[in-house]
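Each chain, written out:
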Amino acid sequence: MKKILLSVHPKWCKMIFNGKKTIEVRRTRPKLEPPFEVLVYCTKHKLTKTKCMHSYLHKNEPKACGERGVIETWSEIGDVQVNFNLAETYRSYGMHGKVIGSFICDEIYAFFPWGAGIACEDIDGNLLPADKVCKETCLTGDEIYKYLLGNGKETFKGYGYGWHITEPKLFDKPKELSEFGTVCNRYENDECDDCPYLQVYVNSYPCDDCVDTWCGVDNIKPLTRPPQSWCYVEER
């Protein structure tokens, strides 16, 4: 059964599985009709505590940094410390870089330009209240607009999508990426001869009839890296 694997930062993972975040904003959507299952991959947190604080201070308290950007004062500042602690918690429980849970997407909302900002409508074309949408995405209207803008474009001209989240469920044990895969293009195009997953058995008798080949991954190529946003997967 085809599923979706979605890459999500640790901060948003927490909000999805505690029920606070019920709409996930993305620039694209799958060609699957809801409802469908979405697997959540918790991304690896690359920022160290020092880098995280350094970035925050440069943006919000430049006087705390010297001429060469060296932090001269140290204090635990709001979300920076919270986000770092959250990252440490996910790392300590082995959730970083793992598929940690799933949810059911039962509806896809559409975001589109509206004046200087954006609006959101459901599948029937009904406009949704902006404050309700912002609350369910855990984002402000400006943050949604800037995310959908992407790539430095001056205006948001297309559509974005809100994946409605229901039935969020954390796995008892996080799963590895290699437990999931994508349908092998080589198999679909009959190009298996040079595939690294091709298994070959050769009998001791020198005849072609004694050579047997088969797919070592059942035509499902195991994932070795997470999607930048999302991808179709099947469980192996």
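Reading the values: the criteria
- Residues numbered from 1 in each chain as written.
- Predicted model: local features only at pLDDT ≥ 70, side-chain atom pairs only at ≥ 80, totals over all residues.
- Heavy atoms only, no water.
- Phe/Tyr/Trp six-rings, centres within 6.5 Å; stacked < 30°, edge-to-face > 60°.
- Helix = DSSP H or I, 4+ residues; strand = E, 2+ residues; numbered from the N terminus.
- Buried < 20%, exposed > 50% of the residue type's maximum accessible area, 1.4 Å probe, protein only.
- Lys NZ or Arg CZ within 6 Å of the ring centre and 35° of its normal.
- Salt bridge = Lys/Arg side-chain N within 4 Å of Asp/Glu carboxyl O.

Take the packing of aromatic side chains next. This model, assessed by the stated rule, comprises 4 aromatic pairs. Relative to tryptophan 163, the ring of phenylalanine 36 has its centre 6.3 Å away and its plane inclined at 80°; by these criteria the two rings are edge-to-face. Here phenylalanine 36 is found in strand E3 (residues 36–42), whereas its partner tryptophan 163 is found in strand E6 (residues 160–175), with 127 residues between them in sequence. Note on accessibility: phenylalanine 36 and tryptophan 163 belong to one class, buried. An aromatic cluster of at least three residues, connected via ring pairs, comprises Phe36, Trp163, Trp230 and Tyr232. Above the ring of tryptophan 12, the side-chain terminus of lysine 21 is found at 4.8 Å from the ring centroid. Positioned above the aromatic ring of tyrosine 147 is the side chain of arginine 27, whose terminal nitrogen or guanidinium carbon lies 4.3 Å from the ring centre.

This model, assessed by the stated rule, comprises 7 salt bridges. The salt bridge involving lysine 3 is made with glutamate 37; its shortest N-O contact spans 3.5 Å. Of this pair, lysine 3 sits in strand E1 (residues 3–8) while glutamate 37 sits in strand E3, placing them 34 residues apart in sequence. A salt bridge links lysine 132 to glutamate 136, with the nearest nitrogen and oxygen atoms 2.4 Å apart.

A cis amide bond links proline 34 with the next residue in sequence, proline 35, at an omega value of 0°. Look at cysteine 138: it is not a glycine, yet its phi comes out positive at around 65°. One can find cysteine 138 in the loop between helix H4 (130–137) and helix H5 (141–149). With a phi close to 50°, glutamate 167 is a non-glycine residue in the positive phi region. Along the polypeptide, glutamate 167 turns up in strand E6.

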